[in-house]
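What follows is each chain in one-letter form.
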Amino acid sequence: MSEDSAKYAVSLEKTYRDKPIVDGKCIKIPSQATQQVHKRSEGLSFNGIVVLEVVGYVLSGKHYRAIARCRCPFDSAEFLAYLTHVHSGMKKSCGCSTDRLHAESASRHGDALPKSKFHWLYRFWSGVQHRCYSTDPKYRLYVGRAPLEPFWSDYPAFKRQWLAVRGDACPMPGESLDRTDNNARYSLENLRFASRSQQAQNMSNTLYAVGPENLTVAIAKLYQESGSCVKYTTGLSRVRRGERKLEVAFESADLAGWEAVC
Ligand SMILES: [Zn+2]
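The text that follows walks through the structure, step by step, so that each part is easy to find. (Residues numbered from 1 in each chain as written. Predicted model: local features only at pLDDT ≥ 70, side-chain atom pairs only at ≥ 80, totals over all residues.)

## Remarks on the overall build of the protein
- Per the secondary structure count, the protein includes 10 helices and 9 strands.
- The 262 residues of the protein split such that 16% are buried.
- Taking as baseline every contact in the protein between residues at least 6 positions apart, the subset at least 24 positions apart corresponds to 41%. (Helix = DSSP H or I, 4+ residues; strand = E, 2+ residues; numbered from the N terminus. Buried ≥ 20, exposed ≤ 12 C-beta atoms within 10 Å, placed from the backbone. Contact = placed C-beta atoms within 7 Å.)

Structure representation (structure tokens):
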């Protein structure tokens, strides 16, 4: 019996003790005929749960409810449950089925367990799923921008592809995966490990400048490396207002020859 179901059983037993039942003193008990109907469930199985015995009744609001001692189909543990929950199929196990589901997903791929320590690749994958299939307008740039290859929709398949194409490369502390070419779709070849500041320079609203030998570099990066005394935002707003020459916008000779791309 799992910890949760043990708690559940304890709370039922407590209620049972607090409101003595079947002795007819404390609460209204169901008629003999109704009790007979409940007794008929004894020995029967509902969705695999075997009702061993109707042990009594507890008052729930205005109604009494039959409590049954049952046997769990998965681990044969005995537990107490409302008979109606067993009949309706709401109760599926002593509580161990949740643990079992977790164990099953752990055996599919172990990367989502424990939840607090998702594997970095799983974290990246689920982020992509979220961005690319979200209905949130915030992600409209991602949704439908470039369709993903089919293996992206299934994590184990994605992981196999990743290992085949990229091997066991993994990020350094502070790095995560992003796209090398931000306008191309997510593909294994178009992914790189990048730090936060590298990623910030690679957003679709990043401004670029062209310089010597037709090099294209993010303005933020050029600014960082220049000796400019102008605030970055000031220079950037000059660029946005139409000043193409970075040397002028950022008032720095280090940026001579660089022109903003608009
Ligand atoms: Zn169980």
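Let's pick the thread back up.
## Section: the sheet that holds strand β1 (residues 45-46)
- Pairing is antiparallel across the open sheet formed by 4 strands, whose spatial order is β1-β2-β3-β4. At either margin of the open sheet sits one strand with a lone partner, and together these are β1 and β4 (78-82).
- Strand direction decides the pairing type here: strand β2 (residues 49-60) and strand β3 (residues 63-71), joined by 9 bridges, are antiparallel. Across the sheet, residue Val58 finds its bridge partner in β3, namely Arg65. (Pairing = 2+ DSSP bridges.)

## Concerning the sheet that holds strand β9 (residues 259-261)
- Sheet architecture is open: 3 strands sit in the order β8-β7-β9, paired in antiparallel fashion. Of all strands in the sheet, those with a lone pairing partner are β8 (216-218) and β9, marking the two edges. Ignoring which end each strand starts from, the neighbouring axes of this sheet average 40° apart.
- Sheet topology places strand β7 (residues 208-210) next to β8; 3 bridges connect them, and they run antiparallel. Across the sheet, the residue bridging to Ala209 is Val217, located in β8. (Axes fitted to C-alpha atoms, helices over the stretch in contact; angles between N-to-C directions.)

## Things to note about the pairing of β3
- Pairing geometry for β3 and β4, over 5 bridges, is antiparallel. Looking across to β4, one finds that Arg69 is bridged to Leu80.
- Connecting the antiparallel pair β3 and β4 is a turn made up of 6 residues, with Ser76 showing a positive phi of about 60°.

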